Amino acid sequence: MSFKINKIFLLLILVLTLNPVFAASKQPVDAVVIMDSSGSMKKTDPKELRKPASKLFITLLGKEDKLSVMSFSSKAWPITFLTQLNTQRNKNKALYATDKISSKGVYTNIHAAIERAIDLLKDSDRLNRDPIIVLMSDGQMDVGNKKRSEELRQKVLAEQIPALKKLKIKVYSIAFTENSDQTLLQEISDATDGRYALAASDDVLHKVFAKIFEQSKEPNMLPLNENKFIVDASIREITIIANKKKTDSKILLKSPKGKKYSAKTKKANIKWFVSRSFDMITLTKPEQGEWNILFSDDDNKAYIVADIKLRSQFAYNTESYYPELTIKTWFIKDDNIISKDELINNLELEIEIEHPDGQTERASFSATDKEGVFEMQFKPTMNGIYAATVIATSKTFQRQQVFSFRAVIPEEPAAEPEPKIKPEPVAEPEPETTQPPVEAAPTPAPTEPEPEPESDIVQALIIFLVANLVIIFIGFNIFFGMKMMKNKKTKAKTKE
């Protein structure tokens, strides 16, 4: 009975620890981007690459999302309050706000930054919106007084983390250097089901922001093969993040008809943003067919807005001790699942899962059911964050979607203790004597007598018979010898 209760309890822990089942579409986000403006940022981000990286994130957000840009050093103050990005004017306002971030502050008051962000996001979950904080810092909690700094650090752990969890606010934290309070930043993110990242160099910041966007919004993407991607008729807009091999690299786009576009191209349906480490290109109503990104590094991204969308979700089968993850994926158009279509019939659908230790595995989905839903099972085997990428490909159609989940594998329950056996009574020890005890010789273990071989028995009988015959022969000789001597003595007496 106790084993069953423990099992149910552990299963509840696992299911509650993992992210909830994905909805058919993500809720709009309320995001607060908190940027460190302390003076040390001049050394850790001398090229101010946190600004274009933040602009990448802002640009990728949708019209239903809201955003606030906040700066902090000794105190925290919003440059823009939560504003819906439903117009180009509002989006530009958020983009320009990042340019106002300085590196002139004296201290690093992480507590004040989180406190102000909580105040901005306290109503978001109640309004069916996903509240998130993107927190960037390059230092330790520091307000100029060591004792006070430690007190505020403890308040973050004891007071702010419970408040963040209660309001369902996820914190995505970024440490700029190894001298940052990585322990604190990671603990905040882990406790709120966010993600932590160490930006080992400033030129990877935009990759960190791209990953945060994927984790928070789970957008539809196009898989890239050797920097090539296929655009179908349902795609209305595509945003490409092309990484530079070098700072002075000039990235080009090659269309299906072979025409090349660059940042200098003046075209109404092309927007081109250039930074030191990446280019961000947005194409409206792109030409159908295969496109190619030229003179770019790897790990590029292609986010899309399309009429045909890929959706994914997972649920848990808690019948076994280690629950299996059932991953389902399907395609929708006009909010309806596509069930019977040439598109579905010709698709190859796979999933790539990256384990917490960095190992990856690839598997295929089963054939679609009558409702157009593909399905597969996966069983987590270790604690940590898993990243899953669903990839759909055919000759003329491609889709990709990324999601992640945290798994905590329950430990095996302790075995029931063996029933105690009542020990047999032990004889009272003999009273001690003054004589030293004599050690008894060890008694050899009794052994079964081995049967004698038949030949030995026959030989013994023969010897016995021969010995008896010899004894009888000797006895007769002695008897007759004595009798002859007696007769000789009798004859001698008669002659006298």
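Because the structure is predicted, anything quoted here is derived from the model rather than measured.

A count of helices and strands for the chain gives 10 helices and 23 strands. Taking all 496 residues of the chain together, the buried fraction comes to 43%. A separation of at least 24 residues holds for 73% of the contacts in the chain among residues at least 6 apart in sequence. Total accessible area computed for the chain in this model is approximately 29,400 Å², and 54% of it derives from carbon and sulfur atoms.

With that settled, consider the nonpolar core. One finds Leu56, Phe57, Leu67, Ile174 and Phe209 to be the most contacted residues of the largest nonpolar core, which totals 37 residues. Only strand E1 (29-36), helix H3 (50-60), strand E2 (66-72), helix H4 (88-99), strand E4 (130-137), strand E5 (170-175), helix H8 (205-217) and strand E13 (278-284) provide two or more residues apiece to this core. Leu56 has contacts with His206, Phe209, Ala210, Ile241, Phe278 and Met280, leaving out every residue within four places of it along the chain.

With that out of the way, let us pick up unusual backbone geometry. Of note in this structure, Glu226 is not a glycine but carries a positive phi near 55°. The residue Glu226 is located in the loop between strand E7 (220-221) and strand E8 (228-231) in this model. At Asp335, a residue that is not glycine, the phi angle is positive and equals roughly 65°. Secondary-structure assignment places Asp335 in the loop between strand E17 (324-333) and strand E18 (336-337). Accessibility expressed as a relative area gives 72% for Asp335, which makes it exposed.

Quick look at the sheet that holds strand E6 (residues 196-198) now. Remark on secondary structure: sheet strands pair via backbone hydrogen bonds, oriented parallel or antiparallel. Strand order in the open sheet made by the six strands is E3-E2-E1-E4-E5-E6, with mixed pairing throughout. In the strand order of this sheet, the two ends are held by strand E3 (76-84) and E6, each with one partner. Averaged over all pairs of adjacent strands, the angle between their axes in this sheet comes to 10°, without regard to strand direction. Where E5 lies against E6, three bridges are found, and the strand directions are parallel. Paired with Ala175 across the two strands is Leu198, which belongs to E6. The strands touched by H4 are E1, E2 and E3; relative to E3, the strand with the most contacts, the crossing angle is about 160°. Helix-sheet contacts for helix H7 (residues 182-191) involve E4, E5 and E6, and the interaxial angle to E5 is about 155°.

For the rest of this paragraph, the subject is the sheet that holds strand E10 (residues 252-254). Strand order in the open sheet formed by four strands is E8-E14-E10-E11, with antiparallel pairing between adjacent strands. The sheet terminates laterally at E8 and strand E11 (260-261), the two strands that pair on one side only. Strand direction decides the pairing type here: E10 and strand E14 (residues 289-294), joined by three bridges, are antiparallel. Note on E14: the bridge partner recorded for Lys254 is Asn292.

Bringing the pattern of salt bridges into the picture now. Throughout the structure, instances matching the rule amount to 18 salt bridges. Between Lys301 and Glu214 there is a salt bridge; the shortest N-O distance is 3.3 Å. With Lys301 in strand E15 (residues 301-306) and Glu214 in helix H8, this residue pair connects regions lying 87 residues apart in the sequence. Pair check on accessibility: Lys301 and Glu214 agree, each one buried. For the salt bridge of Arg236 with Asp307, the shortest nitrogen-to-oxygen distance reads 2.8 Å. Taken together, the positions of Arg236 in strand E9 (residues 235-243) and Asp307 in the loop between E15 and strand E16 (308-317) put the pair 71 residues apart, joining distant regions of the chain.

Reading guide: rules and limits
- Sequence positions are assigned chain by chain, starting from 1 and proceeding in written order.
- At least 70 in pLDDT is required for a residue's local features to be given in this predicted model, at least 80 for side-chain atom pairs to be given and counted, and no such filter applies to totals for whole chains, interfaces and linings, which use all residues.
- Excluded from the side-chain calculations are hydrogens and water; all other atoms, namely the structure's heavy atoms, are used.
- Only DSSP runs of H or I with at least four residues qualify as helices, and only runs of E with at least two residues qualify as strands; both kinds are numbered from the N terminus onward.
- Here's how the labels work: a residue is buried when its accessible area is under 20% of the maximum for its type, exposed when over 50%, partly exposed in between, all with a 1.4 Å probe on protein chains only.
- Any two residues having at least one pair of non-hydrogen atoms within 4.5 Å are treated as being in contact.
- Surface accessibility follows the Shrake-Rupley procedure with a 1.4 Å probe radius. Residue values consider only the protein chains on display as shielding.
- Residues belong to a common nonpolar core when they are buried Ala, Val, Leu, Ile, Met, Phe, Trp, Tyr or Cys residues joined through side-chain atoms within 4.5 Å.
- If DSSP finds at least two bridges between two strands, the strands pair.
- Here an axis means a line fitted to C-alpha atoms, over the contact stretch when the element is a helix, while the angle between two N-to-C directions is reported on a 0 to 180 degree scale.
- Within this document, salt bridges are pairs made up of a side-chain nitrogen of Lys or Arg and a carboxyl oxygen of Asp or Glu, the two lying within 4 Å of each other.

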